[in-house]
Amino acid sequence: MKKTIIITGGAGFIGSHVVRLFTTRYPEYRIINLDALTYAGNLENLKDIEKLPNYEFIKGDIVDAEFIDGVFTEYQPEAVIHLAAESHVDRSILDPMSFINTNIIGTVNLLNACRNIWKDDMEGKLFYHISTDEVYGSLGSEGLFTETTSYDPRSPYSASKASSDHLVRAYNHTYKLPVVITNCSNNYGPNQFPEKLIPLSINNIKKNNPIPVYGKGENVRDWLYVGDHVEAIDRVFHQGKNGETYNIGGNNEWMNIELIHLLCEIMDDRLDRAPGTSAGLIEFVKDRAGHDLRYAIDAGKIKDELDWEPRVTFREGLEKTVDWYLENQDWMDNVLSGDYSKYYNKQYKQR
Ligand code: NAD
Ligand code: TYD
C-alpha cells in the first residue's frame, strides 16, 4: 500500500461518501475509518465497500487522547482527513458541551497525535481539516464569503468549528504541521441524517407530517450536492497547498421556503400526488435562536487554483436525493428508531 490515511467521521453523511471515493478510486491507499458511531454514524452507509481489502473500520472516540495516540502509533498514517464532528446547529443550541468536546478537544487530540508520530519527518504528511462556511458568520442580502473573510461564528456549532480551524492553523504555524482546510457550504444528498432540513422534509412529506419551516422561511443557504463536495476534497487532498484554506460552495443560493416548494413539487411528482398537495404540509414554526440569515460562498479560489467546480444542478441533485430516500426506506426506519424520536419531540413539539 502506498499510503495509510485515517478518515475520521467516515460513517457519517459526508465522511461515508469520502471513504467510498478514496477506497474505490485509490486501491493503493489503505483507508482507516475512525468513528465513534454516535447517533449520526451508521455503518450501513458503507455496506457496499466494507469488504474491500484496503478498508478497515475502527470504532473510537476522538475525545479520548490516549486511545487516539494508541491508534496513530499502531497505524502510522501519512495523512488524516478529519470529518468527525457534532454537526447540527439545533443540537448545539440544546447541548453545547458535546460540540466543545468533539469539535475542539477531539481535533486537538488528532493534531497532537500527528505531531507525535510525524515529529521527525513532516515530509509528505498531511492533516486535512474539513470545516464549514458557518465560521464566517451571517451575510446580509449582499456579498459572499471569501477565504479572507473575518471569522464571526454565532452558534455554539460554528464557534466550535471556528475554534478548531484556528487550532489547525496554529499547529501549522507553530509546529510546521502540514495542513489544509476547506470551508464548505450546506451539503445535501443520500445518507444525510434526517435532522437536517432536506431529509427531514422528505421524510415528513412522505408521511404526511407537517414540514417545519423556521421563522418566515427567508433564510438563505448555498446548497452543494455531496458528490461534488467529495470531488473537491479529492482535489484538495492531492493538490492543495500546505497551510492554505479553500472555500467550497455550490453557487446555488436558495431561500428556505423556495427550496421547500421545489422539494414539494418533486415529491408530488414522485408520489403521484396532485400538484400542491405536499406544499399544504408547510407549517411556519418558531425561529431558531440566533438564526443566521444568509450563507454564500465565493468558490473562485478553488476553481482558479485547483480547477474544481460543482457539476450537479440543484434540481438534478434534489431528484437524486429524493429517489435515494424513497428507495431506502429501511435506512430511514433504522436511523429513526432509537433516540432520534426523543430529540425530535424536544426540538419540534413545543414550537
Ligand atoms: P454527520 O453528523 O453526518 O457525521 C459526523 C460523524 O462523526 C458521525 O459518523 C459520528 O459518529 C462521528 N463522530 C461524532 N463525534 C465523534 C467523536 N467524538 N469521535 C469519533 N467520531 C465522532 O456530519 P456531516 O454532515 O457528514 O459532516 C462532516 C464534517 O463536515 C463535519 O466536520 C462538519 O462540520 C463538516 N461540514 C458539514 C456540512 C454539511 O452540510 N453537512 C457542511 C460543511 C462542513
Ligand atoms: P440545517 O439543515 O440545519 O443546516 P444549517 O443550519 O447548518 O444551515 O438548516 C438549513 C436551513 O433550514 C436553516 O436556515 C434552518 C432551516 N431549517 C428549518 O427551517 N426547519 C428545520 O426543521 C430545519 C432542521 C432547518
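Rules behind the numbers
- Residues numbered from 1 in each chain as written.
- Chains lettered and ligands numbered in written order.
- Predicted model: local features only at pLDDT ≥ 70, side-chain atom pairs only at ≥ 80, totals over all residues.
- Heavy atoms only, no water.
- Helix = DSSP H or I, 4+ residues; strand = E, 2+ residues; numbered from the N terminus.
- Rg over C-alpha atoms; globule rule 2.2 N^0.38 Å.
- Buried < 20%, exposed > 50% of the residue type's maximum accessible area, 1.4 Å probe, protein only.
- Contact = heavy atoms within 4.5 Å.
- Domains from an automatic or database assignment.
- Buried area = accessible area lost by both parts, 1.4 Å probe.
- Salt bridge = Lys/Arg side-chain N within 4 Å of Asp/Glu carboxyl O.
- Pairing = 2+ DSSP bridges.
- Near = heavy atom within 4 Å.
- Areas by Shrake-Rupley, 256 points an atom, 1.4 Å probe, with all protein chains shown as cover.
- Core = buried A, V, L, I, M, F, W, Y, C linked by side-chain atoms within 4.5 Å.
- Polar contact = N/O pair within 3.5 Å; in protein donor to acceptor, adjacent residues only side chain to side chain.
- Nonpolar A, V, L, I, M, F, W, Y, C, P; charged D, E, K, R; others polar.
- Expected span 1.5 Å × (residues − 1).
- Bend = angle between axes of the 7 residues up to and from the residue.
- Axes fitted to C-alpha atoms, helices over the stretch in contact; angles between N-to-C directions.
- Parallel < 35°, antiparallel > 145°, perpendicular 65-115°, else oblique.
- Left-handed = near helix turned anticlockwise from the far one by under 90°.

Chemist: Go over the overall build of the chain with me, naming the residues and quoting the values.
Modeler: Along the backbone of the chain there are 12 helices and 13 strands. For 351 residues, the compact-globule estimate of 2.2 N^0.38 gives 20 Å, and the C-alpha radius of gyration of the chain, at 20 Å, lies within 12% of that figure. Projected onto its principal axes, the C-alpha positions of the chain cover 65 × 45 × 40 Å. Buried residues in the chain amount to 56% of all 351 residues. If you take every contact in the chain between residues at least 6 apart in sequence, the share linking residues at least 24 apart comes to 83%.

Chemist: With reference to specific residues and values, describe unusual backbone geometry.
Modeler: Unlike most non-glycine residues, Asn251 shows phi in positive territory, near 45°. Mapped onto the elements of the fold, Asn251 is located in the loop between β11 (245-248) and β12 (253-255). With a phi angle near 55°, Asp307 is a residue other than glycine that sits in the positive phi range. Within the secondary structure, Asp307 is located in the loop between α9 (300-306) and α10 (314-327). Since its relative accessible area comes to 58%, Asp307 is described here as exposed.

Chemist: Give me the lowdown on the domain arrangement of the chain, citing residues and values where you can.
Modeler: If you check the domain split of the chain, you get domain 1 (3-188 + 222-248) and domain 2 (197-220 + 253-292 + 313-342). Computed over C-alpha atoms, the centres of domain 1 and domain 2 are 27 Å apart. Tallying the contact residues gives 16 residues for domain 1 and 21 residues for domain 2. Where domain 1 abuts domain 2, roughly 1,500 Å² becomes buried across the two surfaces, and 52% of that area is made up of carbon and sulfur atoms. Here Arg154 and Asp292 are joined by a salt bridge, their closest N and O atoms 2.7 Å apart.

Chemist: Kindly report on the pairing of strand β4 (residues 79-82), identifying the contributing residues and their values.
Modeler: Side-chain direction in a regular strand flips from residue to residue, so the side chains alternate between the two faces of the sheet. Of the two faces of β4, the one holding Ala79 and Ile81 and the one holding Val80 and His82 are both buried throughout. Of the pairings in the sheet, the one linking strand β1 (residues 3-8) to β4 comprises four bridges and is parallel in character. Its bridge partner being in β4, Thr8 is matched across the sheet by His82. In terms of strand pairing, β4 meets strand β5 (residues 126-132) through four bridges, oriented parallel. When the bridges of β5 are listed, Val80 appears paired with Phe127.

Chemist: Give me the lowdown on the site of ligand 2, citing residues and values where you can.
Modeler: Residues in contact with ligand 2 amount to 17 residues; listed here are only the nearest, Glu134, Arg221, Arg288, His291 and Tyr348. When ligand 2 is considered free in solution it has 520 Å² of accessible area, and contact with the protein chains removes 97% of it. Sorting elements by how many residues they give to the shell around ligand 2 places strand β8 (residues 211-214) first, with three residues. Mapped onto the domain boundaries, the shell around ligand 2 takes at least three residues apiece from domain 1 (3-188 + 222-248) and domain 2 (197-220 + 253-292 + 313-342).

Chemist: Any details on the environment of Ser131? Residues and values, ideally.
Modeler: Among the secondary structure elements, Ser131 is positioned in strand β5. Note: C-alpha distance between Ser131 and Ser185 (54 residues apart in sequence) is 9.2 Å. Residues in contact with Ser131, not counting those within four places in the same chain, are Lys161, Asp165, Ile181, Thr182, Asn183 and Cys184.

Chemist: Tell me what's going on with the nonpolar core, and back it up with residues and numbers.
Modeler: Within the largest apolar cluster, 43 residues are counted, with the highest numbers of intra-cluster contacts made by Phe22 and Ile81. Not counting chain neighbours up to four residues away, the residues in contact with Phe22 comprise Ile5, Ile7, Tyr29, Ile31, Asn54, Ile81, Ile233, Asp234, Phe237 and His238. With 36 residues, the next largest nonpolar core counts Trp223, Ile257, Val312 and Leu336 among its residues.

Chemist: So what's going on with the site of ligand 1? Residues and values would help.
Modeler: The immediate surroundings of ligand 1 are formed by 29 residues, with Asp35, Asp61, Ser87, Tyr157 and Lys161 found nearest. Here Leu83 contributes a backbone N or O atom positioned 3.0 Å from an oxygen atom of ligand 1. Coverage of ligand 1 by the protein amounts to 96% of the 840 Å² it exposes when considered alone. At three residues, β5 tops the list of elements feeding residues into the shell around ligand 1. Of the residues contributing to the shell around ligand 1, the split by class is 14 nonpolar, 12 polar and three charged.

Chemist: Just give me the short version of helix α4 (residues 96-118), but keep the residues and values in it.
Modeler: Every α-helical turn comprises 3.6 residues, leaving residues that sit three or four positions apart pointing alike. Compared with an ideal rise of 1.5 Å per residue, which puts 23 residues at 33 Å, α4 spans 32 Å between its outermost C-alpha atoms and is within 8% of the ideal. Of all bends in α4, the biggest is about 25°, found at Gly106.

Chemist: Quick one: what's the story with the packing of helix α6 (residues 197-206) against α10, residue by residue and with numbers?
Modeler: Following both chains from N to C, one finds α6 and α10 inclined at 55°, their axes separated by 11 Å at the closest point. Taken as axis vectors, α6 and α10 run oblique relative to one another. Two packed elements cross with a definite hand, and for α6 against α10 that hand is right-handed. Contacts from Ile198, Pro199, Ile202 and Lys206 in α6 reach Leu318, Thr321, Val322, Tyr325 and Leu326 in α10. Considering only residue class, the contact of α6 with α10 consists of seven nonpolar, one polar and one charged.

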